[in-house]
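Residue-level structure breakdown
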Amino acid sequence: MGLTKDTSSPLNESGSPAAKDVRAALQRLIRSSTFTGSQRLQDFLVYVVEESLNGRADDIRAKTIAMDVYGGTLSEMSRRENVVRVDAGRLRRKLAEYYAADGQDEKTVFELPKGGYAPRILRSGFEPAQPEFSELGTSARAWARPGVGIIGIIILGYVAVAFWMSSTKQDLPTDLSVDGLSRDERSAIFGASPMRLQAVNLANTGRDLIFPALEPARLEAALTIFKGAIENDDSYFGGYAGTAQVAATIAVLTSDTDLAQDMLNYADAQAKRAIELAPETGWSQSAMAWVNFAKGNWPEAIEFAQRAQRLAPHDVHVLEFVSLVLLYSGSFEQVIAISEDALSKIELERAYVFQNAMGSAKFHLKDYEGAVSAFEQVTEKGGPVGPVSVAYLMASHQMLGNKAQAQSLSEQLSREWPDSRVDALFKKLFANPKYGQDLGDAMRQANWIPPN
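My aim in this report is to walk through the structure given alongside it, one point at a time. Computed from a predicted model, the values in this text were never measured in an experiment.

Attention now moves to the packing of aromatic side chains. Across all of its chains, the model carries 21 aromatic pairs by this definition. Ring geometry for Phe 332 and Tyr 435: centres 4.8 Å apart, planes at 85 degrees, overall edge-to-face. One end of the pair, Phe 332, is in helix α14 (residues 332-345); the other, Tyr 435, is in helix α20 (residues 433-445), with 103 residues separating them in the sequence. Given a relative accessible area of 3%, Phe 332 falls into the buried group. Here the guanidinium or amino end of Arg 207 rests over the ring plane of Trp 283, the centre of that ring lying 4.6 Å away. Over the ring of Tyr 240 we find Arg 273; its NZ or CZ atom is 5.7 Å from the centre of that ring.

What follows is the structure in C-alpha cells.
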C-alpha cells in the first residue's frame, strides 16, 4: 500500500482525506481486533486525531494528553506524562500491527511520528519515498509456514537512518537513538556493513513485537521482520535467534499438529544457526532455551535459560524468555529473584513480560497481594496486557477475597477475549499441569465461564 508523505502539517493540504473519511477510518481502527482490549491507546489516538482535525495539532503535548485523556490531579501530572510517553511507543507498535493485518487495505492511514504526539494522516494510493511498515505482506492464514517468501520486507524508519548515513559523510548527531544502540555502536556497525546495521535494526524491532504472544498477526509480523533481517545480512545472529523464538512460540500455540511440527523443526534449525554464529550471546542461548521448552525438553531448556541469564542479566528481551522458561518449569523463586534483580539495576521506560512472569510466580507461591501489585505495575507502565495477565489478576483477587474486582475482571476477559482458554493453555505450558489447574480453578471461582 503506497502512502503520500506529509511534509508540513498533520493533514496534507493537497488532496487530504476528508474529515468524515478520517473519522470513519479511525472508528474502523479502534474497533479492530488489533486494538481490542487497548482502551487507553484507543482514547489516546482518538484525542490526537480530533485535536488535529480541529486545528490544534501544534498544541498537542504529553501534558495535554495526560490532562485531557488520562485525567487526575495536578500532583499526578508528572507521573502521568511518563505514562503518555510509554503509551506513545505502544501506540506506534499497535499502528504497525494494524496496517500489517486488519488495516492493510485502508485508504486513510494514521502515523505517530517519533519525537512528538501530533499524528500524520496519510492518503493511500501513491508510492512512498521509502518503504513503510504498513507495506508488510501477510498471508490470509493466521500463521505463516516456514519457507514462504516474504511478500514485503519491512523496512522501518530505522532503515532511513542507514540510508541517510550512506548518502552523507557527516557524523551522526549525538541525540539520534535507534533501539538502544549508541552512536558509536551504530557508526561501527555501519562502517563494517550498512546492510548489517539494517539487519540489526530490523531484529531489534522484531523483538518488541513478540509480546503479548497470543496475537497471531503480531507474531506473523515479527516473523517477517526477522526473516528480513536474515535477508539483509545472513551472517548476523539476531535474525536467526528472533526467528527461532517466534517459530517456537507459534508451534506452542497452534492447534494444527502438522504446522506445530514444521515450526518446531524450523525453530530448531534457526536456533542452532544463532548459536553457531554467536554462542556467547544471551539472545542466542535464550532462543535455544525457548526451542527446547517448546519441544518439552525441560532439563535442556532450563540449562540454556540459566546460561542466557548469566550472559545477559540486563537484556530485558533475554529476561522475558528466560523468566517464562523458568516459570513454566515451576522454578518460581528463581523467576522472582531474576526479576527483582533486574528491576533494581535497570531503569525501564516501560514494563516487560518478565514482570508479568514475576506476578504469575507470586500467584503460584500464594503471594496473591504480590501478584496483584506486580500485574498492576505492568499495566500502569504500559507493559504487555492480554488474556493471560487479566486471568492471573482475576484469580489473584479471587484468592484474596476481592470478589467485586475478580468478577469485574472475569466479565472483562469474557467480553474482550471471548474465545480465550487461558486455563487450558497453561495446563499445556507448565511442566506440572497442576499449576495450570490452580489458575483455572480460581478463575471459575470468580464466575468465569470457559467458552465452548
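The structure having been displayed, the exposition proceeds.
Next up on the list: the pattern of salt bridges. Summed over all chains, the structure comprises 18 salt bridges. Among the salt bridges present, the one from Glu 111 reaches Arg 120, with a minimum N-O distance of 3.2 Å. When the shortest N-O distance is used, the salt bridge between Glu 276 and Arg 273 registers 2.9 Å. Separated by 3 residues within a single helix, Glu 276 and Arg 273 lie in helix α10 (residues 257-277), roughly one turn from each other. When salt bridges with common partners are traced through the structure, they connect Arg 40, Asp 87 and Arg 90 into a single cluster.

On to the packing of helix α1 (residues 19-30) against helix α2 (residues 39-53), then. Across the interface, α1 lies against α2 with an axial gap of 11 Å and an inter-helix angle of 175 degrees. The pairing of α1 with α2 is recorded here as roughly antiparallel in orientation. Here Ala 19, Val 22, Arg 23, Leu 26, Leu 29 and Ile 30 of α1 come into contact with α2, specifically with Gln 42, Leu 45, Val 46, Val 49, Glu 50 and Leu 53.

With that out of the way, let us pick up the packing of helix α9 (residues 237-253) against α10. Interhelical geometry of α9 versus α10 gives an angle of 155 degrees and a closest axis separation of 7 Å. The pairing of α9 with α10 is recorded here as roughly antiparallel in orientation. The interaxial crossing formed by α9 with α10 has left-handed handedness. For the pair α9 and α10, contact is made by Phe 237, Tyr 240, Ala 241, Thr 243, Ala 244, Ala 247, Ala 248, Ile 250 and Ala 251 and by Ala 260, Met 263, Leu 264, Tyr 266, Ala 267, Gln 270, Ala 271, Arg 273, Ala 274 and Leu 277, respectively. Partitioning the contact of α9 with α10 into residue classes produces 16 nonpolar, 2 polar and 1 charged.

Bringing the environment of Lys 381 into the picture now. Note on placement: Lys 381 falls in the loop between α16 (368-380) and α17 (387-400). On the basis of relative accessible area, Lys 381 is assigned to the partly exposed category, the value being 41%. When the C-alpha positions of Lys 381 and Val 84 are compared, they lie 9.6 Å apart, and in sequence the two are 297 residues distant.

So, on to the nonpolar core. Counting 99 residues, the largest nonpolar core has Phe 293, Leu 327, Tyr 328, Phe 426 and Met 443 as its most contacted members. With sequence-adjacent residues up to four places away left out, Met 443 is seen in contact with Ala 391, Met 394, Ala 395, Leu 413, Val 422 and Trp 448.

All right, on to the pairing of strand β1 (residues 108-111) then. Burial of the side chains of β1 extends over both faces: Thr 108 and Phe 110 are buried on one face and Val 109 and Glu 111 on the other. Examined bridge by bridge, β1 and strand β2 (residues 120-123) share 4 bridges and lie antiparallel to one another. Opposite Thr 108, over in β2, you have Arg 123 as the bridge partner.

Across its 14 residues, helix α11 (residues 282-295) extends 20 Å between first and last C-alpha, which sits within 8% of the 20 Å expected from 1.5 Å per residue. Here α11 lies mainly inside the structure; 13 of its 14 residues are buried. At the exit of α11 stands Gly 296, carrying a positive phi of roughly 85 degrees.

Definitions and cut-offs
Residues numbered from 1 in each chain as written. Predicted model: local features only at pLDDT ≥ 70, side-chain atom pairs only at ≥ 80, totals over all residues. Heavy atoms only, no water. Phe/Tyr/Trp six-rings, centres within 6.5 Å; stacked < 30°, edge-to-face > 60°. Helix = DSSP H or I, 4+ residues; strand = E, 2+ residues; numbered from the N terminus. Buried < 20%, exposed > 50% of the residue type's maximum accessible area, 1.4 Å probe, protein only. Lys NZ or Arg CZ within 6 Å of the ring centre and 35° of its normal. Salt bridge = Lys/Arg side-chain N within 4 Å of Asp/Glu carboxyl O. Axes fitted to C-alpha atoms, helices over the stretch in contact; angles between N-to-C directions. Parallel < 35°, antiparallel > 145°, perpendicular 65-115°, else oblique. Contact = heavy atoms within 4.5 Å. Left-handed = near helix turned anticlockwise from the far one by under 90°. Nonpolar A, V, L, I, M, F, W, Y, C, P; charged D, E, K, R; others polar. Core = buried A, V, L, I, M, F, W, Y, C linked by side-chain atoms within 4.5 Å. Pairing = 2+ DSSP bridges. Expected span 1.5 Å × (residues − 1).

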